[in-house]
Amino acid sequence: MTELPPTQPSLLPEQQEKLRELTAQSWNLELVISGAALFAILQLPDLLDLAFDYLRYNFMSHTNGISGLLPSLAYSMMKATCYVLFLAFLTNFVMRAFWVGLVGLLAVYPTGIHYDRIPFSTPYAQKRMAEDLGPLDAYILRLDQRCNIVFAVAFLFVFLLVFVAFAYLQIILVYSFIRPILSADVLYVIKQIALGLFAIFFLISIILSLPVVRSSPTGSKLHYQFTALSRLMYWGMYKPVGFIINTFYSHLPAKKILRVLSMMMVVFVVLITVEFLADFTRVDRRISVFNQRHLYTARQDSLFVNPTAYDNQRAEDEYVDAASIQSDVISESFIRLYIAYPKALDTLLTRLAKTPARIDTLPKREKRREFAIWSSEQISQLMRITVNDSLYSSPDLLFTQFGQLQQRGWQTVLIPTNLRLGKNIIKIDIQSDSLAKPTEISTIPFWYVPDK
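Keep in mind that this is a model prediction, so the values were computed, not measured.

Participant: Please explain the sheet that holds strand E9 (residues 439-448) as it appears in this structure.
Facilitator: Where strands meet in a sheet, backbone hydrogen bonds hold them as pairs that are either parallel or antiparallel. With mixed pairing, the five strands of this open sheet are ordered in space as E2-E9-E8-E4-E5. Every other strand in the sheet has two partners, leaving strand E2 (329-330) and strand E5 (390-392) as the edge strands with one partner each. For E2 and E9, the ladder comprises two bridges, and the chain directions are parallel. Across the sheet, Ile330 pairs through a bridge with Tyr448, a residue of E9.

Here it is, written out as structure tokens:
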């Protein structure tokens, strides 16, 4: 086995001296960076909520299964990382501020602690304190080293946050922009190819990780070249992450590394799980993970009053989940209905409404006009709106950008003749024909109390 050459200093003597000066003064930058990072991290969760709400209501509504779960999981992971980052930088800030105080104290009393001069204590207690605490300058040095370690670990979490953010953007790109364009057959083939490539990658990684393979010169080279592929997943952060991690790996025992990593992984997974459940409850008000009731269920839309479905109950800066009417209690003889049109709904609509070839052959201005008329006719035919038992076969939907958030969708005014005093139900579905199974969009209960 080839022996590694001994580590040699890579800097000239004057450069090493300069590095020592910079290292001695780094605590100033640590305090500034930690304070700025604490302020920035406090703003991130609210910004993440705004960004995720925009993506959810404009791109991911009506998205179920893994397509809807992965973005939510990545979002919760980013928020959990923000909390860990806040704790890491706060810990570094407090420790470094305490270190500054001790350095100032040592400047006032250069000889440190004289345990034999401590009043109101016995010689035995003085001896034990000297053994337990040690000299002040040695403690200051150890505290400085721990501050540096905490600061480096905090930046590992910064890199993790950046990595998850890029992965999240990739998921959004695939599921919100590319997926609606592809047909079901093409999407199935792509999924099978992706699963096959992942299986091959996983099998090769297992084979190259075997001790027998890694012990041979050829196997060792192949293992390193194969693991080098993982650098592409770091989004350009391989070197900074590698310097921090490999410095820890080369100075700490393997057992201690495994113990610390296991503990951090358990804590991080628990934090992500709690955050995911909390975010899941915030996103879907009908689901209560931490505050359930025996005879309370909100799974049935017709039995649940969703505040976002009523214009008079929804905040101006809040999105509509799927559809909304003017109020939960209606006294007018009409219903003003808004239906949200998220990008994810194109997965269904592009399959049900194929663009006619004749529109593509028209001049640009005429093409836009004809496409607008055609798309309006298509959505009016596909959208099935029922009030109680009455079906509006052609609801005459118009395009709109609704509310303060300019949420895209359709709007119409219904004038039903079958409203009854008390509770009524309005239901919105998409159905290509009377024989096809409808896709439910929303069911909204309301009460009709006419003015006398």
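What follows picks up the thread again.
Participant: Got a minute to help me understand the nonpolar core in this structure?
Facilitator: The tendency in soluble globular proteins is for nonpolar side chains to be buried as a group. Core analysis: the biggest nonpolar cluster contains 32 residues, and Ile335, Leu337, Ile339, Met383, Ile385 and Ile426 have the highest contact counts within it. Where this core is concerned, the elements lending two or more residues are strand E3 (335-340), helix H11 (346-352), helix H13 (364-382), strand E4 (383-387), strand E7 (407-414), strand E8 (422-430) and E9. Ranked by residues supplied to this core, first place goes to E9 with four residues. Those residues in contact with Ile335, other than ones at most four positions away along the chain, are Ile325, Gln326, Ile330, Val387, Thr412, Val413, Leu414, Pro416, Leu419, Ile426 and Phe446.

Participant: Honestly, the sheet that holds E7 in this entry has me stumped. Any pointers?
Facilitator: As summarised here, the arrangement of the four strands in space is E1-E3-E7-E6, forming an open sheet in which the pairing is antiparallel. The open sheet has two edge strands, strand E1 (323-324) and strand E6 (398-402), and neither has a second partner. Direction of pairing for E6 relative to E7: antiparallel, over a ladder of five bridges. Across the sheet, the residue bridging to Leu398 is Gln411, located in E7.

Participant: How should I be thinking about the pairing of E7 in this particular structure?
Facilitator: Summarising the sheet, E3 and E7 pair through six bridges and their orientation is antiparallel. The partner of Arg336 across the bridge, within E7, is Val413.

Participant: Explain the environment of Pro450 here, please?
Facilitator: Within the fold, Pro450 resides in the segment after E9. When the C-alpha positions of Pro450 and Ser331 are compared, they lie 4.2 Å apart, and in sequence the two are 119 residues distant. Once you skip the residues sitting within four places of it in the chain, Pro450 turns out to touch Ser331 and Leu421.

Participant: How should the packing of aromatic side chains be read in this particular structure?
Facilitator: When we look at a pair of aromatic rings, we describe it by the centre distance and by the angle of the planes. Taken as a whole and judged by the stated rule, the model has seven aromatic pairs. With 5.8 Å between their ring centres and 85 degrees between their planes, Phe89 and Phe155 make a pair best called edge-to-face. Placement of the pair is Phe89 in helix H3 (residues 66-108) and Phe155 in helix H5 (residues 136-178), with a sequence separation of 66 residues. Overall, the relative accessible area of 26% leaves Phe155 in the partly exposed class.

Participant: Quick question: what am I supposed to make of the confidence of the model for the protein here?
Facilitator: On average, the protein scores 80 in pLDDT, and the residues at 70 or more come to 85%. Ranking the helices and strands of the protein by mean pLDDT puts E2 first, with 94, and helix H1 (residues 13-24) last, with 62.

Participant: It is not clear to me how H13 should be interpreted in this structure. Could you clarify?
Facilitator: At 3.6 residues per turn, the α-helix brings residues three or four places apart onto the same side. Compared with an ideal rise of 1.5 Å per residue, which puts 19 residues at 27 Å, H13 spans 26 Å between its outermost C-alpha atoms and is within 8% of the ideal. When H13 is considered as a whole, its buried residues turn out to be Glu370, Trp374, Ser375, Ser376, Gln378, Ile379, Ser380 and Leu382. Along its buried surface, H13 packs onto H11, helix H12 (357-360), E4, E6, E7 and E8.

Participant: Where do I start with the pattern of salt bridges in this structure?
Facilitator: Oppositely charged side chains can pair when the atoms bearing their charge come close. All chains considered together, the criterion is met by five salt bridges. A salt bridge links Arg96 to Asp144; its shortest N-O distance comes to 2.6 Å. Here Asp144 lies in helix H5 and Arg96 lies in helix H3, a separation of 48 residues in the sequence. Ionic pairing is found between Arg369 and Glu366, a salt bridge with its closest N-O pair at 2.8 Å. Taken together, the residues Arg369 and Glu366, both in helix H13 and three residues apart, mark about one turn of the helix. Residue classification places Glu366 among the partly exposed positions, given a relative accessible area of 30%. Residues joined in a network through salt bridges with shared partners are Glu366, Arg369 and Glu370.

Scoring rules and cut-offs
- Residues numbered from 1 in each chain as written.
- Predicted model: local features only at pLDDT ≥ 70, side-chain atom pairs only at ≥ 80, totals over all residues.
- Heavy atoms only, no water.
- Pairing = 2+ DSSP bridges.
- Helix = DSSP H or I, 4+ residues; strand = E, 2+ residues; numbered from the N terminus.
- Core = buried A, V, L, I, M, F, W, Y, C linked by side-chain atoms within 4.5 Å.
- Buried < 20%, exposed > 50% of the residue type's maximum accessible area, 1.4 Å probe, protein only.
- Contact = heavy atoms within 4.5 Å.
- Phe/Tyr/Trp six-rings, centres within 6.5 Å; stacked < 30°, edge-to-face > 60°.
- pLDDT = per-residue confidence, 0-100.
- Expected span 1.5 Å × (residues − 1).
- Salt bridge = Lys/Arg side-chain N within 4 Å of Asp/Glu carboxyl O.

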